[in-house]
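So you can see what is in the structure, the chains are spelled out below.
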Amino acid sequence: DDIKCAIAKLKGLGNGFGVITIGNVEMVKSVPMEFNRDHSTVLSHCQQSACATITQLERKTKWTKTRIEQTLNMMLNEGIAWIDTQSGSETIYWFPSLWQKST
């Protein structure tokens, strides 16, 4: 609750901060972009692994490759996603905000 209260006070500085719900997890949004349904859907599909490829997202979402690429590019530009081109045959998109702490 303290975090939510602090974020509510920061909203006076612009729309960069907020609390969003992805699946069943609340996350702090600290980038000055509006999340749309496509961004939320991608994050929701990546909750378990914190990453995905375009092929995986095509299978999960049934979207066109162009729609997925546009969504991922916007997330890359805002720093929400990281790109990994060293993984082999296909680029992996990582979402650090979804990384889980190891025990």
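Predicted model, so just to flag it, every value in this text is computed and none were measured. (Residues numbered from 1 in each chain as written. Predicted model: local features only at pLDDT ≥ 70, side-chain atom pairs only at ≥ 80, totals over all residues. Heavy atoms only, no water.)

Trainee: Can you break down the packing of helix α2 (residues 37-45) against helix α4 (residues 65-77) residue by residue, with the values?
Mentor: Close contact between α2 and α4 brings their axes to 10 Å; oriented N to C, the two are set at 90°. By the angle between their directions, the pair α2 and α4 is classed as roughly perpendicular. Mapping the contact onto sequence places Asp 38, His 39, Val 42 and Leu 43 in α2 and Arg 67, Thr 71, Leu 72, Met 74 and Met 75 in α4. Of the residues contributing to the contact of α2 with α4, the split by class is five nonpolar, two polar and two charged. (Axes fitted to C-alpha atoms, helices over the stretch in contact; angles between N-to-C directions. Helix = DSSP H or I, 4+ residues; strand = E, 2+ residues; numbered from the N terminus. Parallel < 35°, antiparallel > 145°, perpendicular 65-115°, else oblique. Contact = heavy atoms within 4.5 Å. Nonpolar A, V, L, I, M, F, W, Y, C, P; charged D, E, K, R; others polar.)

Trainee: Break down the nonpolar core for me, citing the residues and quoting the values.
Mentor: Nonpolar side chains tend toward joint burial in soluble globular proteins. Formed by 16 residues in total, the largest nonpolar core has its most connected members in Val 42, Cys 46, Leu 57, Leu 72, Met 75 and Phe 95. Of all the elements in the fold, those that place two or more residues in this core are α2, α3 (54-61) and α4. Apart from the residues lying within four places of it in its own chain, the contact partners of Phe 95 are Val 42, Leu 43, Cys 46, Ala 50, Cys 51, Leu 72, Met 75, Ile 80 and Ala 81. (Core = buried A, V, L, I, M, F, W, Y, C linked by side-chain atoms within 4.5 Å. Buried < 20%, exposed > 50% of the residue type's maximum accessible area, 1.4 Å probe, protein only.)

Trainee: Describe the packing of aromatic side chains, and please don't skip the residues or the numbers.
Mentor: For the structure shown, the criterion picks out one aromatic pair. Judged by centre distance (5.4 Å) and plane angle (85°), the rings of Trp 82 and Trp 99 are edge-to-face. Placement of Trp 82 in strand β4 (residues 82-84) and of Trp 99 in the segment after β5 (92-94) is noted, with a sequence separation of 17 residues between them. A relative accessible area of 44% means that Trp 99 is categorised as partly exposed. The ring of Trp 63 carries the charged tip of Arg 67 above its face, separated from the ring centre by 4.1 Å. (Phe/Tyr/Trp six-rings, centres within 6.5 Å; stacked < 30°, edge-to-face > 60°. Lys NZ or Arg CZ within 6 Å of the ring centre and 35° of its normal.)

Trainee: Tell me about the sheet that holds β5, and name the residues and values.
Mentor: Read from one edge of the open sheet, three strands run β3-β5-β4, paired in antiparallel fashion. Each edge of the open sheet is held by one strand with a lone partner, namely β3 (51-52) and β4. Looking at chain direction, β3 and β5 are connected through two bridges and run antiparallel. In the strand pairing of β5, Ala 52 is matched with Tyr 93. (Pairing = 2+ DSSP bridges.)

Trainee: Give a detailed account of α2, specifying residues and quantitative values.
Mentor: Among the residues making up α2, those that are buried are Asp 38, His 39, Val 42 and Leu 43. Along the axis of α2, the buried residues cluster in a sector spanning 130°; they form a single face. Looking at where α2 begins, the residue whose side-chain oxygen comes 2.9 Å from the main-chain nitrogen of Asp 38 is Asn 36. (Arc of directions from axis to C-beta. Polar contact = N/O pair within 3.5 Å; in protein donor to acceptor, adjacent residues only side chain to side chain.)

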